[in-house]
Amino acid sequence: MFQPDAESAPVDARRTQQDERLRDLLRRLAGCDQPFWTERLAEVTPDDVDGVDDLAALPFTAKPDLRATYPFGMLAVPRDATVRAHASSGTSGKPTVVAYTARDVEIFAEVVARSIACAGGRRSDVLHVAYGYGLFTGGLGLHYGGERLGATVIPASGGNTDLQLTLLADLGADGLACTPSFAMLLAERAEADDLQDLRVRYLICGAEPWSGGFRDRLEDAWSALTDRRVVARDIYGLSEVIGPGVAMECVEAPGALHVFDDHFLPEIIDPHRGTVLPDGERGELVLTTLTKQAQPVVRYRTGDVTRLTHGACACGRTHPRIDRLSGRTDDMLVVRGVNVFPREIEAALLEHQQLNGNWALVLDHRSTLLRLEVHAEVHGSHVDPQLAAVLAQRLTSRLRVSSVVVVHPAGTLPRTAVGKVQRVHHRYEDAHPLGLPD
Ligand code: DLL
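From a predicted model like this one, the values you see are computed outputs, not experimental measurements. (Residues numbered from 1 in each chain as written. Predicted model: local features only at pLDDT ≥ 70, side-chain atom pairs only at ≥ 80, totals over all residues. Heavy atoms only, no water.)

Quick word on the overall build of the protein chain
- Of the regular secondary structure elements, the protein chain holds eleven helices and 21 strands.
- In summary, the protein chain has a C-alpha radius of gyration of 22 Å against a globular reference of 22 Å for 438 residues, a match within 12%.
- A principal-axis box enclosing the C-alpha atoms of the protein chain has dimensions of 70 × 55 × 40 Å.
- Evaluated residue by residue, the protein chain yields a buried proportion of 56% over its 438 residues.
- Within the protein chain, counting contacts between residues at least 6 apart in sequence, those at least 24 apart form 68% of the total.
- As displayed, the protein chain has an accessible area near 18500 Å², and 50% of this comes from carbon and sulfur atoms.
- Distance from the positive charge centre (46 side chains) to the negative charge centre (59 side chains) of the protein chain: 1 Å. (Helix = DSSP H or I, 4+ residues; strand = E, 2+ residues; numbered from the N terminus. Rg over C-alpha atoms; globule rule 2.2 N^0.38 Å. Buried < 20%, exposed > 50% of the residue type's maximum accessible area, 1.4 Å probe, protein only. Contact = heavy atoms within 4.5 Å. Areas by Shrake-Rupley, 256 points an atom, 1.4 Å probe, with all protein chains shown as cover. Lys, Arg positive; Asp, Glu negative; His and termini not counted. Charge placed at Lys NZ, Arg CZ, Asp CG, Glu CD.)

A closer look at the site of the ligand
- Taken together, 20 residues surround the ligand, and among them Asp-234, Ile-235, Ser-239, Asp-304 and Lys-420 come closest.
- Separating a nitrogen atom of the ligand from a backbone N or O atom of Ile-235 is a distance of 2.7 Å.
- Contact between the ligand and Asp-304: an oxygen atom at 2.6 Å from a side-chain N or O atom of the residue.
- In the complex, the protein chains occlude 91% of the 600 Å² of accessible area that the ligand would expose alone.
- Contributing elements (two or more residues each) for the shell around the ligand: α6 (137-149) and β7 (231-238).
- Per element, the largest residue contribution to the shell around the ligand is five residues, and it comes from β7.
- In terms of residue class, the shell around the ligand is built from nine nonpolar, five polar and six charged. (Near = heavy atom within 4 Å. Polar contact = N/O pair within 3.5 Å; in protein donor to acceptor, adjacent residues only side chain to side chain. Nonpolar A, V, L, I, M, F, W, Y, C, P; charged D, E, K, R; others polar.)

Section: the packing of aromatic side chains
- Applying the stated criterion across every chain yields a total of three aromatic pairs.
- A centroid spacing of 5.7 Å and a plane angle of 10° characterise the contact between Tyr-100 and Phe-108, whose relative ring orientation is stacked. A single burial state applies to Tyr-100 and to Phe-108, both of which are buried.
- Lying over the aromatic face of Tyr-100, Lys-292 brings its terminal NZ or CZ to 5.5 Å of the ring centre. (Phe/Tyr/Trp six-rings, centres within 6.5 Å; stacked < 30°, edge-to-face > 60°. Lys NZ or Arg CZ within 6 Å of the ring centre and 35° of its normal.)

A few points about the sheet that holds strand β12 (residues 300-306)
- Judged by pairing direction, the sheet is antiparallel, and its four strands sit side by side in the order β10-β11-β12-β15 without closing on themselves. The strands lining the two open edges of the sheet, one partner per strand, are β10 (264-269) and β15 (327-328).
- Taken together, the four bridges between strand β11 (residues 283-289) and β12 define a ladder with antiparallel strand orientation. The residue bridging Val-286 from the neighbouring strand is Arg-301, located in β12. (Pairing = 2+ DSSP bridges.)

Concerning the packing of helix α8 (residues 180-192) against helix α9 (residues 212-226)
- Contact geometry of α8 with α9 gives a least axis separation of 10 Å together with a crossing angle of 35°. For the element pair α8 and α9, the recorded crossing hand is left-handed. Judged by residue contacts, Pro-180, Ser-181, Ala-183, Met-184, Leu-186, Ala-187, Ala-190 and Glu-191 of α8 engage Phe-214, Arg-217, Leu-218, Ala-221, Trp-222 and Leu-225 from α9.
- Considered class by class, the residues forming the contact of α8 with α9 number eleven nonpolar, one polar and two charged. (Axes fitted to C-alpha atoms, helices over the stretch in contact; angles between N-to-C directions. Left-handed = near helix turned anticlockwise from the far one by under 90°.)

Section: the state of the cysteines
- The full count for this structure, using the stated rule, is zero disulfides.
- Between Cys-315, a free cysteine, and Cys-313, which holds the nearest cysteine sulfur, the sulfur-to-sulfur gap is 3.6 Å. (Disulfide = S-S within 2.5 Å.)

What to know about helix α2 (residues 11-31)
- Taking 1.5 Å as the rise per residue, α2 with 21 residues should run 30 Å; its terminal C-alpha atoms sit 30 Å apart, in good agreement.
- Where α2 is concerned, the buried positions are Arg-14, Gln-18, Asp-19, Leu-22, Leu-25, Leu-26 and Leu-29. Buried residues along α2 cover an arc of 145° about the axis, so they all sit on one side. Facing away from the buried side of α2, by more than 90 degrees, are the exposed residues Arg-27 and Gly-31.
- Contacts made by the buried residues of α2 are with α1 (4-7), α3 (35-40), β10 and β11.
- Asp-33 occupies a position one or two residues after α2 and carries a positive phi of about 60°. (Expected span 1.5 Å × (residues − 1). Arc of directions from axis to C-beta.)

Focus: helix α10 (residues 342-349)
- For α10, the buried fraction is high: six of the eight residues fall into the buried class.
- All buried positions along α10 are accounted for by Pro-342, Arg-343, Ile-345, Glu-346, Ala-348 and Leu-349.

Focus on the domain arrangement of the protein chain
- The assigned domain composition of the protein chain is domain 1 (1-328) and domain 2 (333-427).
- Computed from C-alpha coordinates alone, the two centres of domain 1 and domain 2 are separated by 29 Å.
- Opposite the 24 residues of domain 1 that make contact, domain 2 presents 20 residues.
- Taking both sides of the interface into account, the surface hidden between domain 1 and domain 2 amounts to around 1700 Å²; carbon and sulfur atoms contribute 53%.
- Three residues, Ser-211, Phe-214 and Arg-217, lead the burial of domain 1 against domain 2; their summed loss comes to 31% of the area buried on that side.
- Scanning the region where domain 1 abuts domain 2 turns up one salt bridge. (Domains from an automatic or database assignment. Buried area = accessible area lost by both parts, 1.4 Å probe. Salt bridge = Lys/Arg side-chain N within 4 Å of Asp/Glu carboxyl O.)

Structure follows, in structure tokens:
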């Protein structure tokens, strides 16, 4: 553990600390003289909120608030007290900007250092960071976290697959941090080039959804390259809250991620009613930043769907855990009246061992009835002629979605070397969005 005192603190002691930090946050927001916060908290008096139990008395914040106050209208400190800003590109219009004080940057590095250690990282490691550097929080986030841990960080950023592989081998990376889809692309290329001398022990993957089946493929692919069992662990975060390092899966108990709730207080709500759901129920993740100075958020609606559980973990950390993300409230697809998340489709597909993990959906809007095409690749070049029908049947019985499944040899579907993978494509025109013949 990178910060054992904080990470394995007794739950009661942490609760006292959270109560204090929450009261302090509200004092800071009340005193910052920022119109957004004055207005949003107009109904709340400091007496209303004595601690975490009173959280539901506070109003939500959400992405539209950041857009409406672009660029710095949610700052709780003067702009000149900040030392850095990141931005995330939205689907439309201006990006949303998030700013940090020097202390925020330190905490960002600490929670990412915790996360790297959670995946098995050590200070003696070489950590190859292939998340994008720049406005995206992934590259710089893992970079500073790696340095804070004491590792030797290689700031490779995204793209340039051949050079990345050379560096991974020659500089002896122990850890690789990048999106799961890029980690898979690197493994495929390394295998095709018969690259020797890789010694990677762990992968720190996040920023996009990936199923347990995808993890199995990824761990197998990297283990075959390195002659050791490589572990891939899930890192979660979002720029509005800090970036990566909000929550992290440990080596000992994969499947759920420890939320570092001494800094980021989680709740799960019913996304339609806004009511808080009990422990263990699936809903929308809402986060409150307890220590963030520059741009705190109160009950921020992440749009991410998961469930929260408390209880002991084999790794000894006492932080509660969220399940691996099953999707976003806004990426749910409605296919002929059936609600389905792309990650559920991935999970159902990848139970089939012949598939190599690369897949894509095309929603064809050209006729009145939406048509769902599911494309998936097999390992190698031989495609079993029965497989498409087997997969279509599985999707119907498991998820109740009817689809046209097309199975391809390995290497047919587009790959993503920079940024987040796009699994869902829409077709309005005759040209096929994946560049495939009809
Ligand atoms: O993706 C921060 C990050 C960088 C996380 C590197 C992990 C690693 P944003 O660009 O603001 O920040 O996007 C945040 O990405 O609300 C989720 O929908 C999605 N996301 C992030 N991590 C995961 C994950 C970064 N592990 C949005 N699994 C979030 C699934 C994830 N989705």
